Amino acid sequence: MASETGKQVVTRFAPSPTGFLHIGGARTALFNWLYARHHGGRALLRIEDTDRKRSTQDAIDKIIEGLDWLGLDYDEPPLFQSDRAQRHAEVARQLLEAGHAYKCYATPEELEEMRAQQRANKQPMRYDRRWRDRDESEAPAGAPFVIRLKVPTEGETVIEDEVQGKVTVQNAEIDDYVLLRADGTPTYMLAVVVDDHDMGVTHIIRGDDHLNNAFRQLPIIRAMDQIEGGWPDPVYAHVPLIHGADGAKLSKRHGAVGVEAYRDDEGVLPEALFNYLLRLGWGHGDREEITREEAIELFDLDGVGKSPSRFDIKKLQNLNGHYIREADDARLASLVAAKMGDGAEEKLLTEAMPVLKPRAKSVNELAEGAAFLFKERPLEMTEKAAGLLDADARTRLEGLSRRLAKENHWTLEALEATTKSYAEELELGLGKLAQPMRAALTGTTTSPGIFDVLVLLGKEESLARIDAQASPAGKE
Ligand code: GLU
């Protein structure tokens, strides 16, 4: 399927590697990916690694790993911006030769003086175009120069943004910024435009912090289209940034902002984060739970809101709880085992999942809930659990142990029936028995249903744990 313009849709996610995949970046990646998949187009990835100090291999790996974890796949291997400096410079030279760019010989000192004057006069701080109309013959011989874009000074530039609507900027507001530095390296602004063109990008979906850049990037595109043709304006969609609960732009101050932190520290499943990021800024009626397949079918830019959405960890946790309940037990068991480390058996965890899943909102909570399975005897007791094990309770446990020891069918039904009949015999509510049982069996006061606990631990381990806390009547 093609877009309305008849061309195949090509989107790109263009992260600058800064150490991790930011939640906001992940959402941008998701929207680009979904848009391409929805339209049967291509989704591309470009690593904007021109800042060599920050763009370490580790930072690049983390982004790729995060995208992969979210299930965002790309139709071509990633393009590395730093590999393409020659090509960027070539476009700068084409613009220069065709008169859409010019050499500027202003020295750093001259520019500093210009800025100081602008500051003093309360004028906008902008390059004053001093070399724009000067003749090459005025150039100081052999002096270094930068190449600047000759932006039209008259008229206005209009963008029909798919999210922001119609946005107009007076061309006089756009500065003649640098395309190629004195050392011949391209600036970020040039690199982005050239790469988008060469990758055949038709739709640029990104954070609205780049809206101003679009007005600076378009003049390059339009100039190149005049020079050689085949440089159409892309479709723009500038998506509002994500805010924290307090309405300020999402930052470390608000807690975790990296995708890997949600995976590793918060115990979030990728499908839950996928769904949550989708709903963060995009809606389809009031549907909350939307699967990957449905998202591909439903996603379009019409549903992207114009105002910033607020990151709400509770909503993410609720969605995570939903996806945990839906998830395969063996898969969850392996995630929990990885979290618990040595000694956690996946087989037992898989058996336990049906009773652990209903109440858990994260893999961490699953792991907490499963901890009792692997505790060593004698069990360490929480203070509350220890408080339940008074002399009467210990006596009751001893009686229970004797009855359970005779149990040949270690099933939920049999264990429940035996325990209930013992409680009746003692003329006690089931709770009076179940609470000390829970303490003895798990060392805590919260656990899955007590009969599930017995079944999961098995007869031998259950009796050993109960006996460790039980004392015969009259002995204490
Ligand atoms: N590399 C830029 C960033 O990470 C994005 C550039 C773009 O999307 O045009 O913010």
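First, a word on what this report is: a plain description of the structure on this page. In this text the structure is predicted, and so the values were computed from the model without any measurement.

Rules of the game
- Residues numbered from 1 in each chain as written.
- Predicted model: local features only at pLDDT ≥ 70, side-chain atom pairs only at ≥ 80, totals over all residues.
- Heavy atoms only, no water.
- Core = buried A, V, L, I, M, F, W, Y, C linked by side-chain atoms within 4.5 Å.
- Buried < 20%, exposed > 50% of the residue type's maximum accessible area, 1.4 Å probe, protein only.
- Helix = DSSP H or I, 4+ residues; strand = E, 2+ residues; numbered from the N terminus.
- Contact = heavy atoms within 4.5 Å.
- Near = heavy atom within 4 Å.
- Polar contact = N/O pair within 3.5 Å; in protein donor to acceptor, adjacent residues only side chain to side chain.
- Nonpolar A, V, L, I, M, F, W, Y, C, P; charged D, E, K, R; others polar.
- Phe/Tyr/Trp six-rings, centres within 6.5 Å; stacked < 30°, edge-to-face > 60°.
- Axes fitted to C-alpha atoms, helices over the stretch in contact; angles between N-to-C directions.
- Parallel < 35°, antiparallel > 145°, perpendicular 65-115°, else oblique.

**A word on the nonpolar core**
Line of reasoning, step 1. Leu273, Leu349 and Leu373 are the most contacted members of the largest nonpolar core, which has 94 residues in total.
Line of reasoning, step 2. Among the elements that take part in this core, helix H1 (residues 23–38) stands out by supplying nine residues, more than any other.
Line of reasoning, step 3. Look past the residues within four positions of Leu373 in its chain and what remains in contact with it is Leu348, Leu349, Ala352, Leu456, Leu457 and Arg465.
Line of reasoning, step 4. In this structure, Met199, Ala214, Trp231 and Tyr236 belong to the second largest nonpolar core, which totals 34 residues.

**Focus: the site of the ligand**
Line of reasoning, step 1. Close to the ligand lie Arg12, Ala14, Pro15, Ser16, Glu48, Tyr188, Val192, Arg206 and His210.
Line of reasoning, step 2. Glu48 places a side-chain nitrogen or oxygen 2.5 Å from a nitrogen atom of the ligand.
Line of reasoning, step 3. Between the ligand and Arg206, the relevant distance is 2.7 Å, taken from an oxygen atom to a side-chain nitrogen or oxygen of the residue.
Line of reasoning, step 4. Among the residues making up the shell around the ligand, the classes are represented as four nonpolar, two polar and three charged.

**Comments concerning the packing of aromatic side chains**
Line of reasoning, step 1. In total, this model carries seven aromatic pairs according to the counting rule given.
Line of reasoning, step 2. For the pair Trp33 and Phe274, a centre-to-centre distance of 6.2 Å together with 85 degrees between the ring planes defines the contact as edge-to-face. Of this pair, Trp33 sits in helix H1 while Phe274 sits in helix H8 (residues 270–279), placing them 241 residues apart in sequence. Taken as a pair, Trp33 and Phe274 share a single burial class, namely buried.

**Looking at the packing of helix H3 (residues 85–97) against helix H5 (residues 188–198)**
Line of reasoning, step 1. Running from N to C, H3 and H5 point in directions that differ by 100 degrees, and their axes come no closer than 9 Å. With respect to their mutual orientation, H3 and H5 come out roughly perpendicular. Residues Arg87, His88, Val91 and Ala92 of H3 form the contact with H5, whose participating residues are Leu190, Ala191, Val194, Asp195, His197 and Asp198.
Line of reasoning, step 2. Tallied by class, residues from the contact of H3 with H5 come to five nonpolar, two polar and three charged.

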